[in-house]
Amino acid sequence: SIEKQSVGHPIHTMLCTSGLLRGSGGLGVRRLMSACGGASSIAGGVRTLRGGENNNNKWLDQAQRRGMSKSTGFDAEVLKLYRIVNTNLVPMWAKIVETVGKESGGKGSVLDLASGPGNPSMQLAEAFPQLKVKCTDASPDMVDKAKALAKEKGLYDKLEFEVLDLEDLSAIPSGSQDMVTVSLGFMFPEDLKKSVEEVHRVTKPGGTLVTTVWREVPMMELVADVMEELLNKKLPPPAINPLSLKENSALDGPLQDAGFEIKSSEELPITFNLGTREEAWQVGTLFDRAMLNELQESGEEGDVFGKFRTIFEEKAEGMWIQDGDSEVLCMPDPGIYRLVVAKKPL
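Worth saying up front: this structure is predicted, and the values here are computed from it rather than measured.

### Concerning the nonpolar core
Turning to step 1, where the next piece is worked out: Residues Trp214, Met227, Phe308, Phe312 and Leu329 are the most contacted members of the largest nonpolar core, which totals 66 residues.
Turning to step 2, where the next piece is worked out: Take this core: its biggest share by element is eight residues, from helix H8 (residues 218–231).
Turning to step 3, where the next piece is worked out: Not counting chain neighbours up to four residues away, the residues in contact with leucine 329 comprise Phe272, Asn273, Leu274, Gly275, Ala280, Phe312, Ala316, Met319 and Trp320.
Turning to step 4, where the next piece is worked out: Ranked by size, the runner-up nonpolar core spans 23 residues in total, among them Leu111, Leu166, Ile172 and Val213.

Spelled out as structure tokens, the structure:
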């Protein structure tokens, strides 16, 4: 069923995502959990962060982008954590499916961009057998995971798969798609204008774009508070910021400049349950896992994950609710996402 199509993986990067995290699609993710490589180590950078000023934001931005651009293995532990995050996104994917159904009648073609390991591609294919759905992501690893999951769900033959970057859709003919879906994906491209123009190019005249962006993500605020106390420094916005499109104009401007007309815009709540006491703090590490891993490996900061857990649990006190025999962390305020339907004029 649609409600059981959650997957262990960013942005997404929730979040980040997590659509929040990159992989690319729903919490996404995603590249937020990949390891930072290259010149400066995270540990050295954090020492600079604690004592320096002018170049701190630049260093963090470069370090985060290095980390997000490199893929690491998705071990069982991390997969489990992303599955917890993504379970919260199921209502969003269901809403996209509902919207696509209303706009397409369940027929035609849909290009699903930044779908990570297959969301909402698989939900669309399951709900509308006559719909031709292409599942895509910039990460070959994510596309492979989408294929594997589709086989597991018996949906492999109902989908097409392709590695595609939002900023380069040259493999897709102009005016070929009845619909395009982008679930939490527009926060990732460095060149949003180019990405939106590419989406407009491949959409048929009279075709439709359905996309979601974050408005509020209280979970991110909690994690940011933990990291700031851990590092004893207020952090700049992340290089890939799930809230970069929270203002209507940040997305609507590029869409309209590309030639789209905004048909509708809706804000919807989404509840975040981060799991048990043993799981929740680990879910919190996903946003800055690359930095935390390097700090831990450096040995210069002691038990970094232990410190993170202590601070996290102090700040999360009062957010726990009873769920059967376990306590689970339920964010007191819901996340808010915006669903936008845009049309390409005839």
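### Concerning helix H6 (residues 140–153)
Note on helix geometry: an α-helix contains 3.6 residues per turn, so any two residues three or four positions apart are oriented the same way.
Turning to step 1, where the next piece is worked out: In a regular helix each residue adds 1.5 Å, so 14 residues correspond to 20 Å; H6 covers 20 Å between its end C-alpha atoms and thus fits that length.
Turning to step 2, where the next piece is worked out: All of the buried residues in H6 are Met142, Val143, Ala146, Leu149 and Ala150. Buried positions in H6, seen along its axis, are confined to an arc of 125° and lie on one side of it. In H6, the exposed residues that point more than 90 degrees away from the buried face are Lys151 and Glu152.
Turning to step 3, where the next piece is worked out: The inward-facing, buried residues of H6 abut helix H5 (121–127), strand E2 (131–137) and strand E3 (159–163).
Turning to step 4, where the next piece is worked out: Immediately beyond the C-terminal end of H6, within one or two residues, lies glycine 154, with a positive phi of roughly 75°.

### Thoughts on a negative patch on the surface
Turning to step 1, where the next piece is worked out: Residues Glu216, Glu221, Asp225 and Asp333 make up a contiguous surface patch of negative charge.
Turning to step 2, where the next piece is worked out: Topologically, glutamate 216 is positioned in strand E5 (residues 203–216).
Turning to step 3, where the next piece is worked out: What makes glutamate 216 partly exposed here is its relative accessible area of 43%.

### Considerations on the packing of helix H7 (residues 192–202) against helix H9 (residues 248–258)
Turning to step 1, where the next piece is worked out: Here H7 crosses H9 at 50°, and the two axes come no closer than 9 Å. The angle between H7 and H9 falls in the class oblique. Like other packed secondary-structure pairs, H7 and H9 cross with a definite hand, here right-handed. Each of Leu192, Val196, Glu197 and His200 in H7 lies in contact with H9, whose residues at this interface are Ala250, Pro254, Leu255 and Ala258.

### Structural notes on the confidence of the model for the protein chain
Turning to step 1, where the next piece is worked out: Averaged over every residue, the pLDDT of the protein chain is 82; residues scoring 70 or more account for 78%.
Turning to step 2, where the next piece is worked out: Within the model, pLDDT remains below 50 along residues 1–74, and this stretch shows 317 contacts once partners closer than five positions in the same chain are excluded.

### Concerning unusual backbone geometry
Turning to step 1, where the next piece is worked out: In this model, asparagine 119 is joined to proline 120 through a cis peptide bond whose omega is 5°.
Turning to step 2, where the next piece is worked out: Structurally, the position occupied by proline 120 is in the loop between strand E1 (108–113) and H5.
Turning to step 3, where the next piece is worked out: Even without glycine at this site, asparagine 232 takes up a positive phi of about 55°.
Turning to step 4, where the next piece is worked out: Secondary-structure assignment places asparagine 232 in the loop between H8 and H9.
Turning to step 5, where the next piece is worked out: For asparagine 232, a relative accessible area of 65% gives the class exposed.

### Section: the pattern of salt bridges
Turning to step 1, where the next piece is worked out: According to the stated counting rule, one finds 21 salt bridges in the structure shown.
Turning to step 2, where the next piece is worked out: The partner of glutamate 160 in a salt bridge is lysine 134, and the shortest N-O contact between them spans 3.0 Å. Here lysine 134 lies in strand E2 and glutamate 160 lies in strand E3, a separation of 26 residues in the sequence.
Turning to step 3, where the next piece is worked out: The exposure class assigned to glutamate 160 is partly exposed, which follows from its relative accessible area of 32%.
Turning to step 4, where the next piece is worked out: Classification of lysine 134 as buried rests on a relative accessible area of 14%.

### Quick look at the packing of aromatic side chains
Turning to step 1, where the next piece is worked out: Under the counting rule described, the total for this entry stands at three aromatic pairs.
Turning to step 2, where the next piece is worked out: With a centroid separation of 5.4 Å and an interplanar angle of 20°, the aromatic rings of tyrosine 156 and phenylalanine 161 are classed as stacked.
Turning to step 3, where the next piece is worked out: On the basis of relative accessible area, tyrosine 156 is assigned to the partly exposed category, the value being 31%.
Turning to step 4, where the next piece is worked out: By relative accessible area, which is 17% here, phenylalanine 161 ends up buried.
Turning to step 5, where the next piece is worked out: Where tryptophan 214 meets phenylalanine 272, the ring centres are 5.8 Å apart and the plane angle is 45°; that geometry is what we call tilted. Here phenylalanine 272 lies in the loop between strand E6 (261–270) and strand E7 (273–276) and tryptophan 214 lies in strand E5, a separation of 58 residues in the sequence.

### Quick look at the sheet that holds strand E9 (residues 326–330)
Turning to step 1, where the next piece is worked out: Overall, antiparallel pairing links the three strands, which are arranged E7-E9-E8 in an open sheet. Single-partner strands in this sheet number two, and they are E7 and strand E8 (320–323). Each adjacent strand pair in this sheet contributes to an overall mean axis angle of 35°, direction not counted.
Turning to step 2, where the next piece is worked out: Pairing geometry for E7 and E9, over two bridges, is antiparallel. Among the inter-strand pairings, asparagine 273 is bridged to a residue of E9, identified as cysteine 330.

### Quick look at the environment of serine 109
Turning to step 1, where the next piece is worked out: Here serine 109 shows up in strand E1.
Turning to step 2, where the next piece is worked out: Residue serine 109 is classed as buried on the basis of its relative accessible area of 10%.
Turning to step 3, where the next piece is worked out: Those residues within four positions of serine 109 in sequence are excluded, and the remaining contacts are Leu131, Lys132, Ser176, Gln177, Asp178 and Met179.

### Notes on the environment of arginine 201
Turning to step 1, where the next piece is worked out: Locating arginine 201 in the fold gives a position in helix H7.
Turning to step 2, where the next piece is worked out: Residue classification places arginine 201 among the partly exposed residues on the basis of a relative accessible area of 24%.
Turning to step 3, where the next piece is worked out: For arginine 201, the contacting residues outside a window of four places in its chain are Leu169, Ser170, Ile172, Pro173, Ser174, Gly175 and Lys344.
Turning to step 4, where the next piece is worked out: For arginine 201, the side chain forms a polar contact with the main-chain oxygen of leucine 169, separated by 2.7 Å.

Criteria and thresholds
- Residues numbered from 1 in each chain as written.
- Predicted model: local features only at pLDDT ≥ 70, side-chain atom pairs only at ≥ 80, totals over all residues.
- Heavy atoms only, no water.
- Core = buried A, V, L, I, M, F, W, Y, C linked by side-chain atoms within 4.5 Å.
- Buried < 20%, exposed > 50% of the residue type's maximum accessible area, 1.4 Å probe, protein only.
- Helix = DSSP H or I, 4+ residues; strand = E, 2+ residues; numbered from the N terminus.
- Contact = heavy atoms within 4.5 Å.
- Expected span 1.5 Å × (residues − 1).
- Arc of directions from axis to C-beta.
- Patch = residues over 30% accessible without salt bridge, like charges linked within 9 Å, V, L, I, M, F, W, Y side chains within 5 Å.
- Areas by Shrake-Rupley, 256 points an atom, 1.4 Å probe, with all protein chains shown as cover.
- Salt bridge = Lys/Arg side-chain N within 4 Å of Asp/Glu carboxyl O.
- Lys, Arg positive; Asp, Glu negative; His and termini not counted.
- Charge placed at Lys NZ, Arg CZ, Asp CG, Glu CD.
- Axes fitted to C-alpha atoms, helices over the stretch in contact; angles between N-to-C directions.
- Parallel < 35°, antiparallel > 145°, perpendicular 65-115°, else oblique.
- Left-handed = near helix turned anticlockwise from the far one by under 90°.
- pLDDT = per-residue confidence, 0-100.
- Phe/Tyr/Trp six-rings, centres within 6.5 Å; stacked < 30°, edge-to-face > 60°.
- Pairing = 2+ DSSP bridges.
- Polar contact = N/O pair within 3.5 Å; in protein donor to acceptor, adjacent residues only side chain to side chain.

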